[in-house]
Amino acid sequence: MSPPVFLIDSTALREDRVVLEGPEGRHAVTVRRLRPGERVDLTDGDGLLAECVVAAVAGKDRLVLEVLARHRHQPPSPRLVVVQALPKGERGELAVETMTEAGVDEIVPWQAARCVTRWRPDRMDKALGRWRTTAREAAKQSRRSRLPQIPPLATTEQVAARLAGAARAIVLHEAATVPLRAVDLPSEGEIIAVVGPEGGITDEELACFAEAGAVAVRLGPTVLRTSTAGVAAAAILLSATGRW
């Protein structure tokens, strides 16, 4: 079994002896019940990972760790971005969780025209915080050394601007005739996949994205929920580019 991963500031990882404390330390001591001699990995969430061993338990929320080795993991290439239309209820966190576990590098929340869910200005920070917390916990569970980026809520115009600068831009659409597996993919740069809402992408949005250079593609013969389409597309793209 691979060792558990905990997040810590990069400054602390420069030391040969590290104290893990606060919420991460409490989880390690009271939930994981780690004891001296057990292996632990620490990461700053930006590619730096330290292989450690527990030297001592120093309270209910403190572990003393000895660093055995450090590794700097470079950003993967090509970079995979999923633009996710806001799903209903807790399905947004489900989408973020599964795409993080799969290895998506950035998940962009998108306020599509037909989204039932709306992030009101007075609650936007809280909603975005839930996505980021979900990504953080999923990254730890899946042993990632790099956290996926979760930028602020994007408009359709902002999404189109991102698509225009991508090495390959695709839009998942049930009426498309081109299968995703048939699309040529770059070996570097950024691949962006757009996932629409439960009500579907409007003709105006589709035209806007096509003008930006995006290609409409279909995943398969069935229509997936917006909360599961992203991870299905990510699996195909990560496999096709050799990242899996």
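What you see is a predicted model; the values in this text were computed from it and never measured.

A. The arrangement of the side chain of Thr134 in detail. Position of Thr134 relative to the elements: it lies in helix α3 (residues 124-141). What Thr134 contacts, discounting residues up to four positions off in sequence, is Glu93, Val96 and Glu97.

B. Just the domain arrangement of the protein chain, in detail. Along its sequence, the protein chain is organised into domain 1 (5-72) and domain 2 (79-241). A C-alpha centroid distance of 33 Å is found between domain 1 and domain 2. Taken together, the contact between domain 1 and domain 2 spans 10 residues of the former and 7 residues of the latter. Counting each side, the surface lost to burial between domain 1 and domain 2 is near 810 Å², with a carbon and sulfur contribution of 52%. Together, Val5, Leu7 and Gly45 form the three largest contributors to the area buried by domain 1 at its contact with domain 2, with a combined 55%. Taken together, domain 1 and domain 2 are joined by 2 salt bridges. For Glu24, the salt bridge is made with Lys140, and the minimal N-O distance between the two is 2.6 Å. Put simply, the parts of the chain that give the side of domain 1 that touches domain 2 at least two residues each are β1 (5-7) and β4 (48-57). A breakdown of the residues in the side of domain 1 that touches domain 2 according to their chemical character gives 4 nonpolar, 3 polar and 3 charged.

C. Main features of the packing of helix α2 (residues 91-102) against helix α6 (residues 226-240). With their axes 8 Å apart at the nearest point, α2 and α6 run at an angle of 10 degrees to one another. Here α2 is positioned roughly parallel relative to α6, judged by the angle of their axes. Pair α2 / α6 crosses with right-handed handedness. Residue-level inspection shows Arg91, Leu94, Ala95, Thr98, Met99 and Ala102 of α2 in contact with α6, the latter providing Ser227, Gly230, Val231 and Leu238.

Rules of the game
Residues numbered from 1 in each chain as written. Predicted model: local features only at pLDDT ≥ 70, side-chain atom pairs only at ≥ 80, totals over all residues. Heavy atoms only, no water. Helix = DSSP H or I, 4+ residues; strand = E, 2+ residues; numbered from the N terminus. Contact = heavy atoms within 4.5 Å. Domains from an automatic or database assignment. Buried area = accessible area lost by both parts, 1.4 Å probe. Salt bridge = Lys/Arg side-chain N within 4 Å of Asp/Glu carboxyl O. Nonpolar A, V, L, I, M, F, W, Y, C, P; charged D, E, K, R; others polar. Axes fitted to C-alpha atoms, helices over the stretch in contact; angles between N-to-C directions. Parallel < 35°, antiparallel > 145°, perpendicular 65-115°, else oblique. Left-handed = near helix turned anticlockwise from the far one by under 90°.

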